[in-house]
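Chain and residue survey
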Amino acid sequence: MAELLSHVLVAYALGTVASWRLERMTKRWVAVAMIGALLPDLNRIGLFVADATLESVLGVSFSVDAIHTLGGVVLLAGLGAMVVADQHRQVFGVLLAGALSHLLVDAVKAYADGAAGAWLYPVTWGRHPTPNLYVSSDPVVLAVIGVTALLVRWIDRTRVE
């Protein structure tokens, strides 16, 4: 759960900082970015449903592993943009920005084999070397990101427009 919260807090901090510069980036859009940060972790549905079951329901070949990739989040952001009544392009962009923040944070996560996940699909299934900056279950990471998010919130509340 710490990893999921970390991704949401990173999207919150980045969205809030973006709202300081971009007039159109209101609190509503910061929340949409936070939802976008959750999109790559929808691949966790694979813990409960087999790929074969999803293939039979959808009628096409399907793997939940592809959700936690660039192509997967573009597709999910597009689906998310289609379910809103208006401002489809802005919803798509903000959802995608939140999801990309998730993928970029995961790109520097420590893995046992020293390589990051294959997050650049459909460009490549290649896995680049990672600097092994943190382990996602490390409580220190959540503490640092949480303090950063609180600092951004405090600055945002005390800013004079």
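Up top you'll find the structure we're talking about.
To keep things clear, this report deals only with the structure shown in the data block. Remember, it's a predicted structure, so these values are computed and weren't measured experimentally. (Residues numbered from 1 in each chain as written. Predicted model: local features only at pLDDT ≥ 70, side-chain atom pairs only at ≥ 80, totals over all residues. Heavy atoms only, no water.)

Examined against the element boundaries, Gln 90 turns out to sit in helix α5 (residues 88–106). When its relative accessible area of 17% is taken as the criterion, Gln 90 is described as buried. One polar contact links Gln 90 to Arg 24, side chain to side chain, over a distance of 2.7 Å. Ignoring sequence-local partners within four residues, the contact set of Gln 90 consists of Arg 24 and Trp 29. (Helix = DSSP H or I, 4+ residues; strand = E, 2+ residues; numbered from the N terminus. Buried < 20%, exposed > 50% of the residue type's maximum accessible area, 1.4 Å probe, protein only. Polar contact = N/O pair within 3.5 Å; in protein donor to acceptor, adjacent residues only side chain to side chain. Contact = heavy atoms within 4.5 Å.)

Of the volumes computed, that of the largest pocket is approximately 270 Å³. Around the largest pocket, the lining comprises 15 residues; the ones closest to its centre are Phe 62, Ile 67, Gly 72, Leu 75 and Leu 76. Here the residues of the lining of the largest pocket sort into 11 nonpolar, four polar and no charged. Considering the residues around the second largest pocket, the lining is formed by 13 residues, among which His 68, Asp 106, Tyr 111, Gly 117 and Ala 118 are closest to the centre. Taken together, the residues of the lining of the second largest pocket sort by class into three nonpolar, four polar and six charged. (1 Å grid on protein atoms, 1.4 Å probe; cavity = no way out; pocket = protein on both sides within 12 Å on 5 of 7 lines; lining within 4 Å. Points joined across faces, edges and corners; volume = space filled by probe spheres on them. Nonpolar A, V, L, I, M, F, W, Y, C, P; charged D, E, K, R; others polar.)

Moving on to the pattern of salt bridges. On inspection of all chains with the given rule, the structure shows six salt bridges. If you follow the salt bridges from partner to partner, you end up with Glu 3, Asp 41, Arg 44, Asp 106 and Lys 109 in one network. (Salt bridge = Lys/Arg side-chain N within 4 Å of Asp/Glu carboxyl O.)

Purely spatial values, then, with no claim about function.
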